[in-house]
Structure formats: C-alpha cells, structure tokens
Amino acid sequence: MALRPVHVNIKALDASAVGRFWAKALDWSAYRPGVTTYVGPPGGLVWPDPVVVGIDVVPVPEPKAATKNRVHLDLATTSAAHQEELVSRLLTLGATPAHVGQGDVPWTVLADPEGNEFCVLEPRQVYRDTGPIAAVVVDCADPRAMARFWGEATDWVLHEVTADQAVFRSAKGVGPYLEFIRTPDVKTVPDRVHLDLLPYPGDDKAAEVARLRALGATDLGLGQGDSPWTCLNDPEDHEFCVLAPS
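Parameters at a glance
- Residues numbered from 1 in each chain as written.
- Predicted model: local features only at pLDDT ≥ 70, side-chain atom pairs only at ≥ 80, totals over all residues.
- Heavy atoms only, no water.
- Helix = DSSP H or I, 4+ residues; strand = E, 2+ residues; numbered from the N terminus.
- Rg over C-alpha atoms; globule rule 2.2 N^0.38 Å.
- Buried < 20%, exposed > 50% of the residue type's maximum accessible area, 1.4 Å probe, protein only.
- Lys, Arg positive; Asp, Glu negative; His and termini not counted.
- Charge placed at Lys NZ, Arg CZ, Asp CG, Glu CD.
- Salt bridge = Lys/Arg side-chain N within 4 Å of Asp/Glu carboxyl O.
- Axes fitted to C-alpha atoms, helices over the stretch in contact; angles between N-to-C directions.
- Parallel < 35°, antiparallel > 145°, perpendicular 65-115°, else oblique.
- Left-handed = near helix turned anticlockwise from the far one by under 90°.
- Contact = heavy atoms within 4.5 Å.
- Nonpolar A, V, L, I, M, F, W, Y, C, P; charged D, E, K, R; others polar.
- 1 Å grid on protein atoms, 1.4 Å probe; cavity = no way out; pocket = protein on both sides within 12 Å on 5 of 7 lines; lining within 4 Å.
- Points joined across faces, edges and corners; volume = space filled by probe spheres on them.

1. Let's talk about the overall build of the chain
Step number 1: Looking only at helices and strands, the chain has four helices and 16 strands in total.
Step number 2: Here the C-alpha radius of gyration of the chain, 17 Å, is about what a compact globule of 246 residues would show, namely 18 Å.
Step number 3: Dimensions along the principal axes, computed over C-alpha positions, put the chain at roughly 50 × 40 × 35 Å.
Step number 4: Expressed as a percentage of the 246 residues in the chain, the buried residues total 49%.
Step number 5: On the chain, the mean spot of the 21 positive side-chain charges and the mean spot of the 33 negative ones are 1 Å from each other.

See below:
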C-alpha cells in the first residue's frame, strides 16, 4: 500500500480569483468541479493527473496570517530571459514582490494575490522536465525524519537526503519534486498550503490512514465533519489530507 501526492491545496478568501491567477501563471486551466477551484493542465479536467500535481484552491473565511507559509511552490524557467519574462507577467497578473529574508539570490520571491509566497527559479538543469512547477517545497526542522515518514507514506522515490534537505519525486520520473528544506521556522498558525494524498484504486483509505498513524501521523480536527477525506499532521505538524478514491 502507498499514497501519491495529487494536489497542492491552497486556502483562499476568493478561491475563484486565486485559482484563475494560478491557472494563468502556469498556463493551465481552472475548473470548478464543486465548491473548490482545481487548476491543472489544459485540455479538460483529468483527475488524478498521471503526470502533474494539480492545485486545489479551497474557499475559507479567514485571510492569510502575516507569517510565511511553511509550504510553497518553486516555478521552473528555461533561460534567464524566460525567468525575467515570467516574473514580469506574474506581476501583471497580480503577484507582488515578497521578502522572506532571501537576501541576494538568483531566484525571485513573489506572493500570489492573497499573499501566498512562491519562487520563480533561475534555470536549473534538474528541473528541465518537471513542467511549470519545479518543486513543492516544505520547511522543516529535520529533513532526515521527514524522509523517513514521507518515504513510507508515499510511493515517491527519495533522490537525496542530507541534514539540510530531503528530495522526492514520483517513481515515474515526471512532474515536480517534493523537497523538505531545513529552516529555523516553527509552526505558529494553521497551514495555508498543504498536500493532498490519494490511495491507488483498490486500496483501502481507512487502512492507509491507520498505516499513517502507525508511522507517526496524528489526527487534525478542522471541523470537517463527515467529509470523505481525512486530515492529519505529519510528525512535524505539517497538515495534509488523505482523499477518498472517486
């Protein structure tokens, strides 16, 4: 048994507007299959997409807290000119410059229209085939511990683990990387951005949730009631959800 990351879940006051921003930012499409806005490649809604990790924007009544998110997206570029053009286009779409203590770095830090930070990376060979999202980046205290938990929780392959970072990618060698980066930050507010995981067809969701609890996950009560998904915390209190197969 194993799970696969299928969404980056973003909470937003205006889910439609934030979904439209990310669709235009990634040259993808925004779909409204329900109350949420799903952002994925153009050509019709395919879920779960076999190649990419989509974005699911969920409406909430609370604005983003004035603190940096512990999960953010890194966007890929193919050249210095592409990076410059993409930053300019994102600013036109409603992004704003963001300052998170990055100093003098070759990437550009921006925030979406509701303040969710993300990075536009300089060209890097490692991200040449990821699509527009190079990586989903998670701040953490102990990358080795995150490698152990997430390596058991998902079927993604661990590419690198050091004291400073742990790097995963789908075993199919497609889509973005999942990177746990050591930072001094600690959780002070509920996560605005988190991962959604999905069992494979034929696997039992309840059994998967039990397996995650045995690995060190804990239950997260968000008032979700009888929703078909289960909300959990990993051992460092990163929130994530296990979705029900549809």
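2. Observations regarding the pattern of salt bridges
Oppositely charged side chains are able to pair whenever their charged atoms sit close together.
Step number 1: Within this structure, the stated rule accounts for 13 salt bridges.
Step number 2: Residue aspartate 27 is joined to arginine 89 by a salt bridge in which the shortest nitrogen-to-oxygen separation is 3.9 Å. Of this pair, aspartate 27 sits in the loop between helix 1 (15–26) and strand 2 (29–31) while arginine 89 sits in helix 2 (residues 80–93), and the two are 62 residues apart along the sequence.
Step number 3: Judged by relative accessible area, aspartate 27 falls into the exposed class, the value being 56%.
Step number 4: Notably, a salt bridge pairs lysine 64 with glutamate 117, separated by 3.2 Å at the nearest N-O pair. Of this pair, lysine 64 sits in the loop between strand 4 (54–59) and strand 5 (71–75) while glutamate 117 is found in strand 8 (residues 117–120), placing the two residues 53 residues apart along the sequence. No difference in accessibility class separates lysine 64 from glutamate 117, as the two residues are buried.
Step number 5: Where salt bridges share partners, they join Asp27, Glu85 and Arg89 into one cluster.

3. With respect to the packing of helix 1 against helix 2
Step number 1: It is the contact of helix 1 with helix 2, at a shortest axis distance of 10 Å, that shows an interaxial angle of 160 degrees. By the angle class used here, helix 1 and helix 2 are roughly antiparallel. Viewed along their axes, helix 1 and helix 2 form a crossing whose handedness is right-handed. Together, Phe21, Lys24 and Ala25 of helix 1 and Leu86, Arg89, Leu90 and Leu93 of helix 2 make up the contact between the two elements.
Step number 2: A class-by-class count of the residues in the contact of helix 1 with helix 2 yields five nonpolar, no polar and two charged.

4. Topic: unusual backbone geometry
Step number 1: Cis rather than trans, the peptide bond between tryptophan 47 and proline 48 has omega equal to -5 degrees.
Step number 2: With a phi angle near 60 degrees, aspartate 27 is a residue other than glycine that sits in the positive phi range.
Step number 3: Unusually for a residue other than glycine, aspartate 237 sits at a positive phi of about 70 degrees.

5. Regarding empty space enclosed by the protein
Step number 1: Summed over the entire model, instances satisfying the criterion amount to three cavities of 30 Å³ or more.
Step number 2: Taken as a whole, the largest cavity encloses approximately 80 Å³ of empty space.
Step number 3: Around the largest cavity sit Val71, Val138, Trp150, Phe180, Asp191, Val193, His194, Leu195, Asp234, His238, Glu239 and Phe240, which together line it.
Step number 4: For the lining of the largest cavity, the elements supplying multiple residues, two or more each, are strand 13 (193–199) and strand 16 (239–242).
Step number 5: A per-element tally of the lining of the largest cavity places strand 13 first, with three residues.
Step number 6: Grouping the constituent residues of the lining of the largest cavity by class yields seven nonpolar, two polar and three charged.
Step number 7: Roughly 50 Å³ of volume is contained in the second largest cavity.
Step number 8: Every residue lining the second largest cavity is listed: Val8, Ile10, Trp22, Asn69, Val71, His72, Leu73, Asn116, Glu117, Phe118 and Val193.
Step number 9: At the level of elements, strand 1 (3–12), strand 5 and strand 8 are the ones that each hand at least two residues to the lining of the second largest cavity.
Step number 10: Top element by residues in the lining of the second largest cavity is strand 5. It accounts for three residues.
Step number 11: Grouping the constituent residues of the lining of the second largest cavity by class yields seven nonpolar, three polar and one charged.

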